[in-house]
Amino acid sequence: MSANNTWAVIFGGPSPEHEISILTGLQAERVLRSAGHTIHPVYVAPNGQWLLVPDNTEAKDYLEGSPSGSKELDVRPGGQPGLYLKKGMGSKKVDVDAALLCFHGGGGEGGGGAFLCELLGIPHTGSSLYAGAVGMDKLAFAGLLTNAGIPSLSRQHLSRETAPEFAGPYIVKPRFGGSSIGIEIVEDIDTARALADSSPHLKNGAVIEPYRADIVDLNISFRTYPTLELTALERPLRGDQDAESSGAGGVYSYQEKYLQGEGGAGLTHAPREFPAQVPDVVASRAVELATAVAEVTRLTGIVRVDLLWDPADDSVYVNEVNTIPGALSLYLWSPTRPPAEVLTDALREAVERRIRWPQAGFSQGIALKAAGGIAGKLVGMGS
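Note that the coordinates shown come from a computational prediction; the quantities given were computed from them, not determined experimentally. (Residues numbered from 1 in each chain as written. Predicted model: local features only at pLDDT ≥ 70, side-chain atom pairs only at ≥ 80, totals over all residues. Heavy atoms only, no water.)

**Section: the nonpolar core**
Moving on, step 1. Ile10, Phe11, Leu100 and Leu343 are the most contacted members of the largest nonpolar core, which has 43 residues in total.
Moving on, step 2. Setting aside residues up to four positions removed in sequence, Ile10 forms contacts with Val42, Val44, Trp50, Ala99, Leu100, Leu101, Cys102, Phe103 and Cys117.
Moving on, step 3. Among the nonpolar cores identified, the runner-up in size contains 25 residues, and Leu218, Ala286, Leu299 and Val318 belong to it. (Core = buried A, V, L, I, M, F, W, Y, C linked by side-chain atoms within 4.5 Å. Buried < 20%, exposed > 50% of the residue type's maximum accessible area, 1.4 Å probe, protein only. Contact = heavy atoms within 4.5 Å.)

Written out as C-alpha cells, the structure reads:
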C-alpha cells in the first residue's frame, strides 16, 4: 500500500444523529487531506440518496440539503459493485482503497454501513455487521456483558406485562439508538411506559435501568490497529459545573455532548476533565474493562467505551459502547497520536485485516440435490 491513498469518507444517513455525522465526516475529510491523501467525501442524505460532494464543504452548506455542486451516485451492490457517478456523467466508477465510515446512530452505525460496503466490495472501517448491530442494541449488548462477566448496571426490556426487578427511579433509553438522544429519567414504571408510548425515539423498543444520581460518567477510547491501544480516561463535565460537582446526577445529554463548548463546536470542545482525575485503581479498572469489551465484541477500528464510576467504593461499570464515536474520538487520541495517524491506521486496518465471511455455495449443491421437488414439502398449504 502506498503512503498516500484514495479514501472515501462516508457520512450522513437516515438517523437522529445525522447532523453530528456530517460534522464528524467533514472533520475527518480535512484531517486525511492535510496528510496528503486523496479524499472522496460521500454524503448520504436523510432520504438515502448518495452524493459525491465538493471538497472542503462547511457545515452551513448542508442546512438546506445537499451542497451546491454535489453529484449523485449510483450504489451498485452486484455485478460490477461499487460507487458510480450517475448516467449522464459518464457512469464512471469512483475508485477508492477503503472507506472511513462516519455514520452515527441509525442503521449506518448499527452494522448497515459495514454490510453495504461489503456488498460494494469496498474495505471499510466501522467493524462488522454483527459487531455493529450488537453495539447499537442496548439490550443485546447488556446480555453480552453479563455473559462475559463484565460488570454493568442492571438493564431490562421495558415491558408492559412484567415489572422491573429493581425499584425506581429509572432511566429509560431507546433500545436501538445512540448514547444521547431520547433518554429520560422517570420516577415510576407507569411513567416509563407512558413515555414509551409518546416518544418517537422509544417506539421501536426501550430499555430501563436504575437511576443512580451518585454515578459519574467516564469515557475511554480504544483502537485495534496496529495493536490494541487505549487512551487516557475522560470525565465529561455538565454545563458550567466543575469536576467537583459534575458527572453525577442527571444524564449526559445530547445538548451537553454536542452543542456546548466554543460556539457550540461539538463534542471535540465540550467541557471535560482530561485526563480524568480519578484514583489509580479506577483508571486501571477502566483499562481492564475496555480491553474486555474489545475482546468480546470483536469491534475494530476506533471505538469509545462509556463507563460509570461509583466514587463511594470505586466500582467501575461498562455502560455502553460507541462503535463509530462522535468526532471518531480524535480529541481523546490527540495527546498521544496525531489525528491523521489514527484515521489512516483505521483505514489500513480495513484493507490489511479485511473482515470476510464464508460465501454462498458452502454445501456445493448437496442440500439442493437432496431436497428434490419443493411441491411435496409444502406442509399445510393446501392445493
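**Considerations on unusual backbone geometry**
Moving on, step 1. Look at the link from Gly168 to Pro169: it is a cis peptide, with omega at 0°.
Moving on, step 2. Cis geometry is adopted by the peptide bond preceding Pro226, which originates at Tyr225 and carries an omega value of 5°.
Moving on, step 3. The residue Pro226 is located in the loop between β11 (216-223) and β12 (229-230) in this model.
Moving on, step 4. For Arg298, which is not glycine, the phi torsion reads 65° and is therefore positive.
Moving on, step 5. The residue Arg298 is located in the loop between α7 (280-297) and β15 (302-310) in this model. (Helix = DSSP H or I, 4+ residues; strand = E, 2+ residues; numbered from the N terminus.)

**Examining the pattern of salt bridges**
Moving on, step 1. Under the defined criterion, the tally for this structure stands at 23 salt bridges.
Moving on, step 2. For Glu72, the salt bridge is made with Lys86, and the minimal N-O distance between the two is 3.9 Å. Of this pair, Glu72 sits in strand β4 (residues 71-76) while Lys86 sits in the loop between β5 (82-85) and β6 (98-101), and the two are 14 residues apart along the sequence.
Moving on, step 3. In this structure Glu72 comes out as partly exposed when scored by relative accessible area, which is 30%. (Salt bridge = Lys/Arg side-chain N within 4 Å of Asp/Glu carboxyl O.)

**Quick look at the sheet that holds strand β9 (residues 184-186)**
Moving on, step 1. Strand order across the open sheet formed by 4 strands is β7-β10-β8-β9, with antiparallel pairing between neighbours. Only two strands of the sheet have a single neighbouring strand rather than two, namely β7 (156-157) and β9.
Moving on, step 2. Bridge analysis of strand β8 (residues 170-174) against β9 gives 3 bridges, and the strand direction is antiparallel. For Tyr170, the partnering residue across the bridge sits in β9 and is Val186.
Moving on, step 3. Packing against the sheet, helix α5 (residues 189-198) makes contact with β8, β9 and β10 (206-210), and its axis sits at approximately 145° to β9. (Pairing = 2+ DSSP bridges. Axes fitted to C-alpha atoms, helices over the stretch in contact; angles between N-to-C directions.)

**Section: the sheet that holds strand β3 (residues 50-52)**
Hydrogen bonds between backbone groups are what pair the strands of a sheet, and the pairing can be parallel or antiparallel.
Moving on, step 1. In space, the 6 strands of this open sheet follow the order β5-β4-β3-β2-β1-β6, with mixed pairing throughout. The outermost strands of the open sheet, each flanked by one partner alone, are β5 and β6. On average, adjacent strands in this sheet sit at an angle of 35° to one another, irrespective of strand direction.
Moving on, step 2. Inspection of the sheet shows β3 paired to β4 by 2 bridges, in the antiparallel sense. Within the sheet, the bridge partner assigned to Leu51 lies in β4 and is Glu72.
Moving on, step 3. Packing of helix α2 (residues 106-120) onto the sheet brings it into contact with β1 (6-12), β3, β4, β5 and β6, and relative to β6 it is tilted by some 170°.
Moving on, step 4. The sheet contacts of helix α9 (residues 339-352) involve β1 and β6, and relative to β6 the element is tilted by about 125°.

**What about the pairing of β10?**
Moving on, step 1. Within β10, 5 of the 5 residues are buried, which leaves it mostly tucked inside the rest of the structure.
Moving on, step 2. Pairing between β7 and β10: 2 bridges, direction antiparallel. The residue bridging His157 from the neighbouring strand is Val207, located in β10.
Moving on, step 3. Of the strand pairs in this sheet, β8 and β10 are connected by 5 bridges, and their pairing is antiparallel. Its bridge partner being in β10, Lys173 is matched across the sheet by Val207.

**Details of the packing of aromatic side chains**
Moving on, step 1. Considering all chains together, one arrives at 4 aromatic pairs under this definition.
Moving on, step 2. Ring centres of Phe11 and Tyr43 lie 5.8 Å apart, and the angle between their planes is 35°; on these two criteria the pair is classed as tilted. Residue Phe11 is located in strand β1, and its partner Tyr43 is located in strand β2 (residues 38-44); the two are separated by 32 residues in the primary sequence. Here Phe11 and Tyr43 have matching classes, each one buried.
Moving on, step 3. Every member of this aromatic cluster is reached through a ring pair, and the members are Phe11, Tyr43 and Tyr62.
Moving on, step 4. Arg76 extends its terminal NZ or CZ atom over the ring of Tyr84, reaching a point 3.9 Å from the ring centre. (Phe/Tyr/Trp six-rings, centres within 6.5 Å; stacked < 30°, edge-to-face > 60°. Lys NZ or Arg CZ within 6 Å of the ring centre and 35° of its normal.)

**Structural notes on α7**
Moving on, step 1. For α7, which comprises 18 residues, the first-to-last C-alpha distance of 26 Å matches the rise-based estimate of 26 Å (1.5 Å per residue) to within 8%.
Moving on, step 2. Those residues of α7 lying buried are Val282, Ala286, Leu289, Ala290, Val293, Ala294 and Thr297. The buried side chains of α7 occupy one side of the element, clustering within an arc of 140° when seen end-on. Every exposed residue of α7 that faces more than 90 degrees away from the buried side is listed here: Asp280, Val281 and Glu295.
Moving on, step 3. Packed against the buried residues of α7 are α3 (129-136), α4 (138-148), β11, β12, β15 and β16 (315-322). (Expected span 1.5 Å × (residues − 1). Arc of directions from axis to C-beta.)

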